[in-house]
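# Per-entry structural report
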Amino acid sequence: MKKLSVIIFIILTSLSACKDDCLTCPENEAIVNGECQCIAVLFKGECLSLDQALMASTLEKTNIYDPLPAYISEKVDYNSIFDFNNQAMFFYLAVLSKRDQNTVETVCGIRTEGKDMAYLSQLRSPLGELSWDTLRFYAPSAFEYNGFVSNYGEFPGEHYTTEIDGQICYLRPYIKILDKDYIRVTFRYVTKDEEVKAECVRLFHK
């Protein structure tokens, strides 16, 4: 009887030890508290390695600047007005080009958990200043882009908007290039009358 108890104890101990050791998890996941959890980048329910997440193919095909290099911002709790608050987020930035002696311009894009498609925006350096590290939202006055828009180049497209205080607000980007691997993006919700209703800052890296 004593031997049987010892055998049962050994079996139970082995089973307990095997609980974690014998559990196999999908790629980019690991055992955390006895369960498989994503230890890489979880975006729209898919667990991706950082390399997979930053592949240009993760941005939907666009009719300009294809592909755009990608940056990522991990989850950060900042401002609940923004639907990408406390969620991973992707930012795409095309190569900067010199428009004229006073202007640098480019195009950027974003992907968020809260939207099903990618959104694009044209950017320019502050008018009158030749700057290669500071860019802000810009849209030709002939178009009603107002901020990030899907299907850029196809008027009118779908704007990235929200309602604040009963007013439709458009999401706009303002970018500071910190170095070759890091950018700081200030997102603002702005009304058609140029009133800033909300602001948040996200740091992105390659």
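Just so you know, these numbers come straight off a predicted model, no measurement behind them.

## Some points on the environment of Glu195
On the secondary structure map, Glu195 appears in the loop between strand S13 (182-190) and strand S14 (196-205). Glu195 sits in the partly exposed class, given a relative accessible area of 38%. Between the C-alpha atom of Glu195 and that of Cys169, which follows or precedes it by 26 residues, the distance is 8.9 Å. The contacts of Glu195, once residues within four sequence positions are left out, are Gln167, Tyr189 and Val190.

## Overview of the confidence of the model for the protein
In this model, the protein carries an average pLDDT of 80, and 77% of its residues clear a pLDDT of 70 or more. Scored below 50 in pLDDT, residues 6-12 makes 0 contacts in the model with residues more than four places away or belonging to other chains. Here residues 61-65 is modelled with pLDDT under 50, and outside its nearest four sequence neighbours on either side it reaches 8 contacts, counting other chains as well.

## Regarding a nonpolar patch on the surface
A cluster of nonpolar residues, Leu178, Tyr182 and Leu203, forms a patch on the protein surface that exposes about 280 Å² of accessible area. Here Tyr182 shows up in strand S13. Its relative accessible area of 37% is what places Tyr182 among the partly exposed residues.

Basis of the calculations
Residues numbered from 1 in each chain as written. Predicted model: local features only at pLDDT ≥ 70, side-chain atom pairs only at ≥ 80, totals over all residues. Heavy atoms only, no water. Helix = DSSP H or I, 4+ residues; strand = E, 2+ residues; numbered from the N terminus. Buried < 20%, exposed > 50% of the residue type's maximum accessible area, 1.4 Å probe, protein only. Contact = heavy atoms within 4.5 Å. pLDDT = per-residue confidence, 0-100. Patch = residues over 30% accessible without salt bridge, like charges linked within 9 Å, V, L, I, M, F, W, Y side chains within 5 Å. Areas by Shrake-Rupley, 256 points an atom, 1.4 Å probe, with all protein chains shown as cover. Salt bridge = Lys/Arg side-chain N within 4 Å of Asp/Glu carboxyl O.

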